Amino acid sequence: MTIRDDHALAADLASEAGERLLRIREDTGFGDSSALRAEGDRASHLFLMEALARLRPSDSVLSEEATREERLDPRRLSAERVWIVDPLDGTREFAEEGRSDWAVHVALWERGKLVAGAVALPAQGRTLTTAEPPKLPAYDKGRFRIAVSRTRPPEFVQKLAYLAGADLVPIGSAGAKISAVLTGEVEAYVHAGGQYEWDSAAPVAVALAAGAHVSRIDGSEPVYNQADPSLPDILVSLPELATSLLAGIRDLHR
């Protein structure tokens with residue numbers, strides 16, 4: 001087993017789960033969004049859990065769709081390797097016909113660090129991976145764009161955008177937002193107000209491999225595989241914007 005093997009596995013699993021979700025979308029249709037969301041969550045979770053149990057039987061797994069007892073299993077906290085997965089990030093968008101801003105997250109945490117990860121964007125036909133990190137776009141120092149939640153953008157981010165001369169771009173899942181930073185659709189993503197480790201682990205792994213800035217909104221490093229998987233805020237941006245964004249966030253929270 002090599003690190004490169006883990007990169008490839010993360011990409012393969014995220015991509016395969018995404019292909020299965022596309023088939024579920026096609027077969028189930030959009031008439032009953034609740035049923036479609038439930039089936040997508042269930043099927044993707046089962047696929048990823050069965051695949052990891054078969055291919056990495058000695059590793060632990062933290063999944064959004066795991067039971068509370070599974071998430072609290074103390075063996076995860078003493079494990080050297082933990083896969084952190086979100087089988088369907090952006091269930092709301094998944095169940096809306098025509099939307100492509102949903103994702104599948106597969107990340108590997110090992111001995112305190114994220115070491116591999118992949119974000120599949122199935123409806124966009126691409127997977128971003130630490131095996132071949134995307135090349136960050138150049139920043140031309142003009143007006144920039146900040147990705148925010150479609151349904152609950154933090155109020156302070158609206159003030160931050162006004163002060164920084166930025167435009168807000170609503171995007172669905174966290175994985176789609178962070179991916180948008182890496183592909184040049186936006187230059188930053190700022191979130192506060194509630195997330196969990198599985199919401200950011202895989203896209204953060206890819207962002208770090210690509211050379212983007214990643215931190216909590218107070219500038220500290222996000223930490224994964226904790227007893228409480230809550231990780232409520234995140235900042236991902238092009239490196240050139242990080243200092244000014246963090247300063248602006250500090251000013252708004254005084």
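What counts as what
- Residues numbered from 1 in each chain as written.
- Predicted model: local features only at pLDDT ≥ 70, side-chain atom pairs only at ≥ 80, totals over all residues.
- Heavy atoms only, no water.
- Buried < 20%, exposed > 50% of the residue type's maximum accessible area, 1.4 Å probe, protein only.
- Helix = DSSP H or I, 4+ residues; strand = E, 2+ residues; numbered from the N terminus.
- Pairing = 2+ DSSP bridges.
- 1 Å grid on protein atoms, 1.4 Å probe; cavity = no way out; pocket = protein on both sides within 12 Å on 5 of 7 lines; lining within 4 Å.
- Points joined across faces, edges and corners; volume = space filled by probe spheres on them.
- Nonpolar A, V, L, I, M, F, W, Y, C, P; charged D, E, K, R; others polar.

**Topic: the pairing of strand β2 (residues 81-89)**
- β2 sits mainly inside the fold: nine of its nine residues count as buried.
- With four bridges connecting them, strand β1 (residues 60-63) and β2 associate as parallel partners. In the strand pairing of β2, L62 is matched with I84.
- Pairing analysis gives seven bridges linking β2 to strand β3 (residues 103-110), with the strands arranged antiparallel. Note that in β3 the partner of D89 across the bridge is A103.

**Quick look at the layout of surface pockets**
- Estimated volume of the largest pocket: approximately 400 Å³.
- Residue assignment for the lining of the largest pocket shows that the elements contributing at least two residues are β2, α5 (91-94), α7 (174-183), β8 (188-192) and α8 (197-210).
- In terms of residue class, the lining of the largest pocket is built from five nonpolar, nine polar and nine charged.
- There is about 200 Å³ of room inside the second largest pocket.
- Lining of the second largest pocket is provided by M49, S60, V61, S63, A66, E70, D73, R75 and R76.
- Contributions of two or more residues to the lining of the second largest pocket are made by β1 and α4 (75-78).
- Residue classes in the lining of the second largest pocket are distributed as three nonpolar, two polar and four charged.

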